[in-house]
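Below, each chain spelled out in residue letters.
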Amino acid sequence: MKILLVEDEPKVASFLQKGLTEQQHAVDVAMDGPTGLRMALAGSHDLIILDNLLPGLSGLDVCRQVRALNSAVPILMLTALGETDDKIRGLDAGADDYLVKPFAFQELLARVRALVRRRPEASSSAAILHLADLTLDPSSKRVQRAGQPIQLTAREFSLLEYLLRHKGRVISRVDILEHVWETSFDTGSNVIDVYINFLRKKLDKDFTPKLIHTLVGMGYVMKEE
């Protein structure tokens, strides 16, 4: 997953980032409320871990503003404030779960897993994905365009599935690297362009409308022309 960690204590942030990265998650870190809000509103994360006491803007305010946009991203709030009223305020602000500092890292991981299982995407992850006359079945791993079967490699299938699950949205090359390749290796590599071209040859070359589009300097988007 791609996780946004909003935590102003450097030691805590470093510890959590290291631990979550070792669990194969991609972790972005924000050290204050305004930065955390800006990154959260970008909408590219699968989970937000949010401290309550933050400089510039409290975690409660960040949570409220994220929820005001009807975002369904799971939010786990971390705080040293452990009274019942504090927990109620956090949950009422829109947090999905509330973990009091200090905490065991294994408990945090368990709560992260539970939140991800409950998110809407988890219940629909096996649903067939559509765009125009293109279909992708995550269960059978079958892809068709205009009723014709399309043969993809495992990596091509993963890339197409990720793009379809975010159809209509501009997806950056870094997002693709972190979600499909699950790594943050050299972003100057042309591996993304190569695989996008593979998909174009198989999905767009002999069909209309074209579905895979490049936004120069921004990334890629799947949509009907």
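Let me sum up the structure you'll find in this document. Here the residue numbering is sequential within each chain, running from 1 through the sequence in written order. Whole-chain, interface and lining totals are the exception, using all residues; otherwise, since this is a predicted model, local features are given only for residues with pLDDT of at least 70 and side-chain atom pairs are given and counted only at 80 or more. Only heavy atoms go into the side-chain values, all of them from the structure, while hydrogens and water stay out.

## Section: the overall build of the chain
For helices the rule is a DSSP run of H or I covering at least 4 residues; for strands it is a run of E covering at least 2, with both sets numbered from the N terminus onward. Broken down by element type, the chain carries nine helices and 11 strands. Structurally, the chain occupies a C-alpha span of about 60 × 35 × 30 Å along its principal axes. Taking all 225 residues of the chain together, 45% fall into the buried category. Whether two residues touch is decided by their heavy atoms; if any such pair falls within 4.5 Å, the residues are in contact. The contacts in the chain between residues at least 6 apart in sequence include a share of 53% that link residues at least 24 apart. All accessible-area figures derive from a Shrake-Rupley calculation using a 1.4 Å probe, and residue coverage is judged against the displayed protein chains alone. Carbon and sulfur atoms form 51% of the exposed surface of the chain, whose accessible area is close to 11,600 Å². Three labels apply to residues, based on accessible area from a 1.4 Å probe with only protein chains included: buried if under 20% of the type maximum, exposed if over 50%, partly exposed otherwise in between.

## Here we look at the pattern of salt bridges
What counts as a salt bridge is simple: a side-chain nitrogen of Lys or Arg found within 4 Å of a carboxyl oxygen of Asp or Glu. Scanning the model with the defined rule gives 16 salt bridges in all. Here Asp96 and Arg67 are joined by a salt bridge, their closest N and O atoms 2.7 Å apart. Separated by 29 residues along the polypeptide, Asp96 in the loop between helix H4 (84–92) and strand E5 (97–100) and Arg67 in helix H3 (residues 59–68) bring together distant segments of the chain. Between Arg165 and Glu161 there is a salt bridge, with its nearest N and O atoms 3.0 Å apart. Taken together, the residues Arg165 and Glu161, both in helix H7 (residues 154–165) and four residues apart, mark about one turn of the helix. Of the residues examined, Arg165 reaches a relative accessible area of 33% and is grouped as partly exposed. Judged by its relative accessible area of 17%, Glu161 falls in the buried class.

## Brief notes about the packing of helix H8 (residues 173–180) against helix H9 (residues 191–203)
Under this scheme, a helix contributes an axis fitted over its contacting stretch, all axes are lines through C-alpha atoms, and angles between N-to-C directions fall in the 0 to 180 degree range. Two elements in contact, H8 and H9, have axes whose closest approach is 10 Å; the angle formed by their N-to-C orientations is 85°. Classed by the angle they form, the pair H8 and H9 counts as roughly perpendicular. Only Val191, Ile192 and Asp193 of H9 make contact with H8, whose side of the interface consists of Arg173, Ile176 and Leu177. With respect to orientation, any angle under 35 degrees is reported as roughly parallel, any angle over 145 as roughly antiparallel, any angle of 65 to 115 as roughly perpendicular, and every other angle as oblique.

## A few points about the sheet that holds strand E9 (residues 148–150)
Read from one edge of the open sheet, four strands run E6-E7-E8-E9, paired in antiparallel fashion. One side of each edge strand has no neighbouring strand; the edge strands of this open sheet are strand E6 (129–131) and E9. Averaged over neighbouring strand pairs, the angle between their axes works out to 20° when direction is ignored. Lying on the sheet, H7 is in contact with E6, strand E7 (134–137) and strand E8 (142–145); it crosses E7 at an angle near 115°. Two strands are counted as paired when DSSP detects at least two bridges linking them.

## What about the nonpolar core?
Grouped together as the largest cluster of nonpolar side chains are 27 residues, with contacts concentrated most on Leu160, Ile176 and Met222. Going through the elements one at a time, E6, E7, H7, H8, H9 and strand E11 (219–222) are the ones with two or more residues in this core. Sort the elements by how many residues they give to this core and H7 lands first, with six residues. Excluding residues within four positions of it along the chain, Leu160 makes contact with Leu134, Leu136, Val143, Leu152, Leu199, Leu203 and Met222. Listed in part, the 20 residues of the second largest apolar core include Leu57, Leu60, Val73 and Met77. Side-chain atoms within 4.5 Å are what join buried Ala, Val, Leu, Ile, Met, Phe, Trp, Tyr and Cys residues into a set we call a nonpolar core.

## Quick look at the environment of Lys2
Within the secondary structure, Lys2 is located in strand E1 (residues 2–6). Along the primary structure Lys2 and Asp28 are separated by 26 residues, whereas in three dimensions their C-alpha atoms are 7.7 Å apart. Excluding residues within four positions of it along the chain, Lys2 makes contact with Ala26, Asp28, Ser44, His45, Asp46, Leu47, Asp175, Glu178 and His179. Think of a polar contact as two N or O atoms within 3.5 Å of one another; within protein, one of them needs to be a possible hydrogen donor and the other a possible acceptor, and neighboring residues in sequence only count if both atoms come from side chains. Engagement of the side chain of Lys2 in a polar contact is seen with the side chain of Asp175, the distance being 2.4 Å.

## Some remarks on unusual backbone geometry
Cis geometry marks the peptide bond from Lys101 to Pro102, where omega comes out at -10°. With respect to the helices and strands, Pro102 occurs in the loop between E5 and helix H5 (105–118). The omega torsion of the bond from Thr208 to Pro209 falls at 0°, within 30 degrees of zero and hence cis. Assignment of secondary structure puts Pro209 in the loop between H9 and strand E10 (212–215). Backbone geometry places Gln24, a non-glycine residue, at a positive phi of 75°. Within the secondary structure layout, Gln24 lies in the loop between helix H1 (10–22) and strand E2 (26–30). In this model, Lys141 sits at a positive phi of 60°, which is unusual for a non-glycine residue.

Everything listed here is a matter of geometry and, on its own, says nothing about what the molecule does.
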